[in-house]
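# Reading the structure
The chain contents come next:
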Amino acid sequence: MICIPIISNNLADALHDMAEASSIADLIELRIDYIKNVDLKCLLERRTKPVIVTNRPVREGGKFDGNEEDRIALLKLAIQLQADYVDIEHDSIKHLCRDTEHRVPTKIIVSYHNFRETPGDLTDIHKRLCQSGADIVKIVTHANNITDNVRIYRILQQSRMPTISFCMGELGIISRILYKRFGSYLTFASLRAGKESAPGQIGIHELLNTYQARRQDKRSAIYGLIGNPVSHSISPIIHNTLFKEMNLNSIYVPFKVDNIGEFIREFRGLDVKGYSVTIPHKESVVNHLDAVDPIAEKIGAVNTIVNKDGQLTGFNTDCEAAIKVLEGINQASAKSLGNTYLKGKKVTIVGAGGAARAIAFGLKERQAQITIINRNYERAQSLAGDVGCIAKKIDDPQAFDTDIFINATPVGMFPKINETPIDKNKLKPNMIVFDTIYNPIETKLLNDARTQGCIIVNGLSMFVHQAAAQFKLWTGRMPSVEIIENIAYKYLAMEGD
Ligand code: NAP
């Protein structure tokens, strides 16, 4: 179930928001601690969906700053008025015991909140809550590490009692999205931006549209994007739409990861069926997998992981996608020359990370003359050594005597859209300038290149081809490249509004 909290501070707004939320959510949480001089009878009479009444004190992250007796009295009134649920803090349940004997039909949620951490004794806390006389227990903690979500998942899997559990904060968002798959009784989503009742609470429209939350169940296969940052990525909207179009019971979420080794180890417990890998983990992830496909091994970078019966295998779909895009620039030549269009072409790549590696190895196969430049020159030299091409200093003018210039760094990517990896004057007419960045679609580099008379190529086509190949590796089914392109254009255009 999806519950929308109402955090208005007056009766009229609360009634308005409750009516709006009731048209989308399964359940409404009335946070009466936000409302001055609350008229509980009026609110409950006007409900059209089941309601949780919560009167959270300041000590548990709420707004109620009166005395404890008055606070509990309002919850007792909610029970008398036959609210569907009442949420009471684990250290206050003793005050409700008398009433709970007659508590038909109100269900009691006994809750524990920890805004600092996900504590080590979660199992003990859960056990205590289960023995407290609750109908439903609620454990909400703060995620300081993405692996805290796995600990919440384990509690939910072991629980025999209906349990609401998730992590707060940016690192806990996945536990809010994957609530059904994790086994949580419900999740909370905000009515709109600014109406969040806790850190990390996702908006209802994002939950329903980007994550297709209504399609999720206990058996949904989990896929996701490993990277940092991940919030800008359009991969969730692409893959979740494809899962829906192809009627696959799967869901794709972003994983913001710092420590890749720890993440891969701990998330094996969640049986994630496949990952996309992005900046900065494409190279480092290779050491944490069970097997690596020969092409990805040669490149030394993985952008796709497939989990088959617990065995994690790495692949690289960036390489093939980038070459497809570059060969497609001159369709006529590409057709007449087969795959020799890139042969002998001078190509300069800025960047020496995972994407640069994939592109450089692909170009080498096509016998292009490659030059690598990079902020960290040693890294450029190392990549050039692996590929068998040359490295130049980033300010060497000879590096810009090239037919094709490729940006394989995040410089110019959203939100720093006014940055560019090279000076505009280094771009010459008719040079092909390919920016691997796709958000924004036209970067400052491409804008500069256009005004200098270059042929420009944005990162979206590469993204679309690598995503399609990735989807096929996971599901065995090839999605339509046009569908992916349409979703991506629509979404990126909306973002620009
Ligand atoms: P990565 O492995 O972390 O490598 C990042 C590279 O960018 C490194 O060479 C790094 O230089 C350089 N860099 C980072 N910040 C920089 C800055 N502020 N100034 C100058 N150089 C900087 O990342 P990746 O996975 O290769 O991704 C690189 C870019 O390719 C990203 O923008 C990503 O979105 C894009 N990409 C696009 C597609 C697509 O399908 N369109 C696919 C893959 C990647 P140092 O070595 O000096 O740190």
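Here the structure is a predicted model, which is why all the values come from computation and not from measurement. (Residues numbered from 1 in each chain as written. Predicted model: local features only at pLDDT ≥ 70, side-chain atom pairs only at ≥ 80, totals over all residues. Heavy atoms only, no water.)

One finds Val53, Phe255, Phe267 and Ile305 to be the most contacted residues of the largest nonpolar core, which totals 80 residues. The leading source of residues in this core is helix α6 (residues 148-158), at five residues. Residues from two domains meet in this core; each of domain 1 (2-218) and domain 2 (238-316 + 480-486) gives at least three. Setting aside anything within four residues of it in sequence, one finds Val53 in contact with Leu30, Ile32, Leu40, Leu44, Leu75, Ala78, Ala83, Tyr85, Val86 and Asp87. With 36 residues, the next largest nonpolar core counts Val347, Ala355, Ile406 and Ile432 among its residues. (Core = buried A, V, L, I, M, F, W, Y, C linked by side-chain atoms within 4.5 Å. Buried < 20%, exposed > 50% of the residue type's maximum accessible area, 1.4 Å probe, protein only. Helix = DSSP H or I, 4+ residues; strand = E, 2+ residues; numbered from the N terminus. Domains from an automatic or database assignment. Contact = heavy atoms within 4.5 Å.)

Turning to the packing of helix α13 (residues 318-329) against helix α18 (residues 460-475), a few remarks are in order. Two elements in contact, α13 and α18, have axes separated by 8 Å at closest approach and are oriented at 135 degrees. By the criterion of interaxial angle, the relationship of α13 to α18 is oblique. For the pair α13 and α18, the sense of crossing is right-handed. For the pair formed by α13 and α18, the contact residues are Asp318, Ala321, Ala322, Lys324 and Val325 on the first element and Ser461, Met462, His465 and Gln466 on the second. Split by residue class, the contact of α13 with α18 holds four nonpolar, three polar and two charged. (Axes fitted to C-alpha atoms, helices over the stretch in contact; angles between N-to-C directions. Parallel < 35°, antiparallel > 145°, perpendicular 65-115°, else oblique. Left-handed = near helix turned anticlockwise from the far one by under 90°. Nonpolar A, V, L, I, M, F, W, Y, C, P; charged D, E, K, R; others polar.)

Cis geometry marks the peptide bond from Asn228 to Pro229, where omega comes out at 10 degrees. Following the sequence through the fold, Pro229 ends up in the loop between β9 (221-227) and α10 (235-245). For the bond running from Ile279 to Pro280, omega is 5 degrees, close enough to zero to count as cis. Positionally, Pro280 belongs in the loop between β11 (274-277) and β12 (291-292).

This next bit is on the sheet that holds strand β8 (residues 187-188). Read from one edge to the other, the open sheet built from eight strands follows the order β7-β6-β5-β4-β3-β2-β1-β8, with strand pairing classed as parallel. The outermost strands of the open sheet, each flanked by one partner alone, are β7 (163-168) and β8. Where strand β4 (residues 85-89) meets strand β5 (residues 107-114), five bridges bridge the pair, whose relative direction is parallel. Across the sheet, the residue bridging to Tyr85 is Lys107, located in β5. (Pairing = 2+ DSSP bridges.)

In terms of residue burial, strand β15 (residues 346-350) counts as a mostly covered element, since four of its five residues are buried. Taken together, the five bridges between β15 and strand β16 (residues 369-373) define a ladder with parallel strand orientation. Following the sheet pairing, Thr348 is matched in β16 by Thr371. As paired strands, β15 and strand β18 (residues 404-407) are joined by four bridges and run parallel to one another. Of the residues in β18, the one forming a bridge with Thr348 is Phe405.

An ideal rise of 1.5 Å per residue puts 16 Å on 12 residues; helix α1 (residues 11-22) measures up with 16 Å between its terminal C-alpha atoms. Along α1, the residues classified as buried are Ala14, Leu15, Asp17, Met18, Ala21 and Ser22. Those residues of α1 hidden inside the fold are in contact with β1 (2-6), β2 (27-31), α2 (40-45) and β3 (51-54). (Expected span 1.5 Å × (residues − 1).)

This brings us to the sheet that holds strand β19 (residues 432-435). Strand order in the open sheet formed by six strands is β17-β16-β15-β18-β19-β20, and the pairing between neighbours is parallel. Only two strands of the sheet have a single neighbouring strand rather than two, namely β17 (390-391) and β20 (455-457). Two elements, β16 and β17, share two bridges in a ladder whose sense is parallel. When the sheet's bridge partners are listed, Ile372 is paired in β17 with Ala391. Together, β15, β16 and β18 form the strand contacts of helix α15 (residues 354-365), whose direction differs from that of β15 by roughly 170 degrees. Set on the sheet, helix α17 (residues 444-451) makes contact with β18, β19 and β20; between it and β19 the angle comes to about 165 degrees.

Here the focus is the domain arrangement of the chain. When its domains are assigned, the chain resolves into domain 1 (2-218), domain 2 (238-316 + 480-486) and domain 3 (320-458). Using only C-alpha atoms to locate each centre, domain 1 and domain 3 end up separated by 51 Å.

We now examine the side chain of Lys282. Tracing the backbone shows Lys282 in the loop between β11 and β12. The class of Lys282 is buried, set by a relative accessible area of 14%. Here Asp318 takes part through its side chain, which lies 2.7 Å from a polar atom of the side chain of Lys282. Setting aside residues no more than four positions away along its own chain, Lys282 makes contact with Val277, Gly300, Ala301, Val302, Asn303, Asp318, Gly354 and Ala355. (Polar contact = N/O pair within 3.5 Å; in protein donor to acceptor, adjacent residues only side chain to side chain.)

Attention now moves to the site of the ligand. Close to the ligand lie 25 residues, the nearest being Ala352, Ala355, Asn374, Arg379 and Thr436. Within the side chain of Arg375, a nitrogen or oxygen atom sits 2.9 Å from an oxygen atom of the ligand. Asn376 places a polar main-chain atom, nitrogen or oxygen, 3.1 Å from an oxygen atom of the ligand. Protein coverage of the free-state accessible area of the ligand, which is 920 Å², stands at 84%. Listed by contribution, the elements that provide at least two residues to the shell around the ligand are α15 and α18. With three residues, α18 is the largest single contributor of residues to the shell around the ligand. Residue composition of the shell around the ligand, by class: 11 nonpolar, nine polar and five charged. (Near = heavy atom within 4 Å. Areas by Shrake-Rupley, 256 points an atom, 1.4 Å probe, with all protein chains shown as cover.)

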